[in-house]
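Observations on chain architecture
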Amino acid sequence: MGLNGYHVPTPCSGVGVGGMHVGKPKPASFLSDLGREFSGYNTTKLGKDLMAGLTVAAVALPLALAFAVSSGQSAASGMITAIISGLVIAGLGGASYQISGPTGTMAMILIAVGAHHGIQGVLFATFLSGLVRLLAGVLRVGALVSYIPAPVVTGFTSGVAIIIAFGQIDPFFGVTSSGTQITQMIGSYIRDGFPIHPASVAFGLFVVLFMVFWPKKLNAKIHASLLSLIIALLVQMALNLPVAEVGTIPRTLVAADRLHLFSMPWRDFPALISPAISIAALGMVESLLCGTYASKMKNEKFNATRELYAQGVGNVLVPFFGGIPATAAIARTSVAIRAGQQTRLTSIIHSLALLLSMFLLGPFLSRIPLAALAGVLIVTAWRMNDWVAIRRIFRKRIKTSMAQFLVTMGATVLFDLTVAIFAGIAFSMVMFIIKSHKISIEIDPVTAELGVGAKKTKVVYIDGMLFFGSQNQLTQVTESLLANGVKRIIYSLRGVPSIDHSSINELADIVRLCRSQEVEVLVVGLQKPVRSLMERLDLIRLLGEQNIFSSAVIALESLTQSGS
């Protein structure tokens, strides 16, 4: 499974290929893409878009409410976010199928921002995150997602799932905690006690069990999350139990608590720029992963740069209506495609359906028990985990992948979410360097092939990347050969695909060391990138063209003919 409950293909195996396009979007290109998208559009396709839009709205409604409440914001802000982002981001997006809205990925960041800066701080951070995404579009960083290792994404997703699930303990059990971090919440439970509210547990447990055991065949017609909330709502309206409810949902698309253009809290900019970057980074990763995954489902190209622009515009606009950060959601996008989505009208119809629900069903939605929403998110969090990938990692005992997964998941739970991504990538780089520093070196004595009286000659075959992590290995081999009285060394670099500055410096030192002991040095089999850097750093000039050959065989033939 993956973000928001659906399987996500690993970035290293799909992002940047399989339909992702990274480039500078042009108005003419966008219009031509729209023309192709709506080519041959008719009432049949409109009917499919209509049904897909209504279906995804049924899925988005409980998630919009739940993710907003779990982020410490009002349920209305979640509805507003889903409506505005579904209209704006879909209209400008990098593909026809993306469905955007609030997600649980940013919950802990928004809770922390809200605790220190209030609702205006959350709205301003959302605005700033939109600007960051626009900048990312300008810099065309969409392809960078392809460099995130698969176990890092899996660990990050599992960490987010833990955060989401842990954030539901208060409403699920009807208790109250303090703090914004998991460790702080645990401390408050130990310090202040854990008085369970039976009615809240009953609502939450009912929703969890209902969603788990609801038949998959029926889920295609009506989603378990929506039906379970309807049942919980009816029970609460009938019994009026003393449990926390969603609260008033205003019948307006413009909330009272919203960002105002001429009174934005710029004084808080230094404190909010860091969480804004975190929100933007998380949104970019989730949106681009979603786009790549869905492009394979739909067999349609995905323009990553255009999607970043659309996400940026959407997140700049949504706080002025009172909404919170939005990103493309894999769960909603997958549901839309499976329901027969044809064009981006599906997202627009889904937004209009949510708008209609907000105006007509607001009084009823306000009575939904928070414990019921907590149940929805607990099941969603469980399904977010990519269990297939996790089982593969641990059953196959892939130590590097296990470490990447655990480090990223731990950092996600204990620290900032963006720090977790960078920690996972940094750890992966260190592990790569550790595994790559060993090069294969084989030595072949060829003196006899050169005839009687020839210099004692050895061919040193090198296989692997020569970089700072592999330094000194070649020097040690050379020193051993010199100690054994070798008078000519032929270094075969045919198996070296790349080399860095440090290794070229090491080779230069080896050449000088050999010549100081009157040992001849030849180099053969240079690949173009290796030779190019050697030329730029003057190693070719130090060696001399007469000592460079295309292969060891040609070098030996030349030495045989010269009788040396």
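For the structure itself, consult the block above.
Residues numbered from 1 in each chain as written. Predicted model: local features only at pLDDT ≥ 70, side-chain atom pairs only at ≥ 80, totals over all residues. Heavy atoms only, no water.

1. Details of the sheet that holds strand β5 (residues 440-445)
Operational definition: The pairing criterion is simple: DSSP has to find at least two bridges between the two strands. Counting from the N terminus, the helices are the DSSP runs of H or I reaching at least four residues and the strands are the DSSP runs of E reaching at least two. We call two residues contacting when some pair of their heavy atoms lies within 4.5 Å. Every axis corresponds to a line fitted to the C-alpha atoms, with the helix fit spanning only the stretch in contact, and the corresponding angles, defined between N-to-C directions, vary from 0 to 180 degrees.
The strand order β5-β6-β7-β8-β9 describes an open sheet built from five strands, whose pairing is mixed. Both edges of this open sheet fall to β5 and β9 (548-549), since each of them pairs with a single strand only. Note that strand β7 (residues 488-495) and strand β8 (residues 520-524) share five bridges and pair parallel. When the bridges of β8 are listed, I490 appears paired with L522. Most of the contacts of helix α20 (residues 501-516) go to β7, to which it runs at about 160 degrees, and overall it touches β7 and β8.

2. Observations regarding the nonpolar core
Nonpolar side chains tend to gather and get buried jointly when the protein is soluble and globular. Definition in use: Residues belong to one nonpolar core when they are buried, are Ala, Val, Leu, Ile, Met, Phe, Trp, Tyr or Cys, and are joined through side-chain atoms within 4.5 Å. With a 1.4 Å probe rolled over the protein chains alone, any residue whose accessible area is under 20% of its type maximum counts as buried; one over 50% counts as exposed, and the rest are partly exposed.
Among the nonpolar cores identified, the biggest contains 74 residues, and L65, M79, I249, L354, I368 and L373 are the most heavily contacted of them. I462, V477, V530 and L543 belong to the second largest nonpolar core, which has 31 residues in total.

3. Side note on the pattern of salt bridges
Using the following cut-off: A pairing counts as a salt bridge when a side-chain nitrogen of Lys or Arg comes within 4 Å of a carboxyl oxygen of Asp or Glu.
Applying the stated criterion to the full structure yields 11 salt bridges. Residues E300 and K298 are paired through a salt bridge, measuring 3.2 Å at the closest nitrogen-oxygen approach. What makes E300 partly exposed here is its relative accessible area of 24%. Put simply, E545 and R531 hold a salt bridge, and the shortest N to O gap is 2.6 Å. Of this pair, E545 sits in the loop between α22 (539-543) and β9 while R531 sits in helix α21 (residues 528-536), placing them 14 residues apart in sequence. Accessibility expressed as a relative area gives 46% for E545, which makes it partly exposed. What emerges from the salt-bridge pattern is a single network uniting D33, R36 and R306.

4. Observations regarding the environment of L406
Mapped onto the elements of the fold, L406 is located in helix α17 (residues 399-414). Of the residues examined, L406 reaches a relative accessible area of 43% and is grouped as partly exposed. Sequence spacing of L406 and S177 is 229 residues, and the spatial spacing of their C-alpha atoms is 27 Å.

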